[in-house]
Amino acid sequence: MENLDQTDKTILRILQNDSKKTAKEIAAMLNITVSPVYERIRRLENQGFIKKYVAILDKMRIGKAVTVMCQVSMRYHNEAFIDEFEEQIQDLQEVQECYHAVGQVDFILKIHVGSLEEYHEFLRYKLSKIKNIGVLNSIFLIKEIKQTSEYYI
């Protein structure tokens, strides 16, 4: 963050909120010319502050209404088993997020499916096929209170 000035931070805030904003629109919001905004955005992209631009879908409209946080505990904790789990979880499209954790569980997965039956099939035919899983604990989320993809900067 040390090489970001207030204008860079403002541009990042704007793009986090709406990545379709053009350099021209951002320049008008900041009351500066387009060229420096364009250059700043390119620099922020090149320096890795902006990883990619995405469209956030409505999970209800695409038929993925069931959200599950799945806690995974491994039987054995050697590097090979952890690496294998991390590789195999990449192929499971139902898993939107995966975190390696410290504490009572080893991994936390955020999973979106269309129904309880679909989640059951996911557990039975996909997740349970990964070797070395000891315990799975599923937490079904019943109401989304806050969801954002924006970081506070």
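Procedures and definitions
- Residues numbered from 1 in each chain as written.
- Predicted model: local features only at pLDDT ≥ 70, side-chain atom pairs only at ≥ 80, totals over all residues.
- Heavy atoms only, no water.
- Phe/Tyr/Trp six-rings, centres within 6.5 Å; stacked < 30°, edge-to-face > 60°.
- Helix = DSSP H or I, 4+ residues; strand = E, 2+ residues; numbered from the N terminus.
- Buried < 20%, exposed > 50% of the residue type's maximum accessible area, 1.4 Å probe, protein only.
- UniProt positions renumbered as here; feature names shortened; annotations may be inferred.
- Core = buried A, V, L, I, M, F, W, Y, C linked by side-chain atoms within 4.5 Å.
- Contact = heavy atoms within 4.5 Å.
- Axes fitted to C-alpha atoms, helices over the stretch in contact; angles between N-to-C directions.
- Left-handed = near helix turned anticlockwise from the far one by under 90°.
- Nonpolar A, V, L, I, M, F, W, Y, C, P; charged D, E, K, R; others polar.
- Domains from an automatic or database assignment.
- Pairing = 2+ DSSP bridges.

Right, let's talk about the packing of aromatic side chains for a bit. Following the criterion strictly, the structure yields 4 aromatic pairs and no others. Measuring from centroid to centroid gives 5.4 Å for Y119 and F140, while their planes differ by 80°, and the two rings are edge-to-face. Of this pair, Y119 sits in helix α5 (residues 116-125) while F140 sits in strand β4 (residues 133-141), and the two are 21 residues apart along the sequence. Looking at Y119, the relative accessible area reads 3%, which means it is buried.

In this section: the UniProt feature "domain: HTH asnC-type" (unreviewed entry) in the chain. UniProt records the feature "domain: HTH asnC-type" (unreviewed entry) at residues 4-65, using the numbering of this structure. As annotated, residues 4-65 has a helix share of 53% and a strand share of 0%, and its two end C-alpha atoms lie 38 Å apart.

What follows is about the nonpolar core. Counting residues in hydrophobic clusters, the biggest one holds 19 residues, and the most contacted among them are V72, F85, I89, L109, I111 and L127. Going through the elements one at a time, β1 (66-74), α4 (79-89), β3 (107-113) and α5 are the ones with two or more residues in this core. No other element matches β1, which puts 5 residues into this core. Leave out the neighbours within four places in its chain, and V72 touches F85, V105, D106, F107, L109, I133, V135 and L136.

Geometrically, a packed helix pair is captured by the angle between its two axes and the distance between the axes. Packing of helix α2 (residues 23-30) against helix α3 (residues 34-46) leaves a shortest axis separation of 8 Å and a crossing angle of 115°. For the pair α2 and α3, the crossing hand works out as right-handed. Facing α2, whose interface residues are A23, K24, I26 and A27, α3 presents V34, V37, Y38 and I41. Looking at the contact of α2 with α3 residue by residue, the class counts come to 7 nonpolar, no polar and 1 charged.

To continue, consider the domain arrangement of the chain. Each assigned domain of the chain is listed here: domain 1 (6-47) and domain 2 (66-141). Spacing between the C-alpha centres of domain 1 and domain 2 amounts to 38 Å.

To continue, consider the sheet that holds β1. By definition, the strands of a sheet pair up through backbone hydrogen bonds, in either a parallel or an antiparallel sense. The strand order across the open sheet formed by 4 strands is β2-β3-β1-β4, and the pairing between neighbours is antiparallel. Both outer strands of the open sheet, β2 (95-100) and β4, are each paired with one neighbouring strand and no more. When strand polarity is set aside, the average angle formed by the axes of neighbouring strands in this sheet is 20°. As judged from the 8 bridges shared by β1 and β4, these two strands associate in the antiparallel manner. In the strand pairing of β4, C70 is matched with S138. Across the sheet, α5 touches β1, β2, β3 and β4, and the angle it forms with β4 is around 165°.

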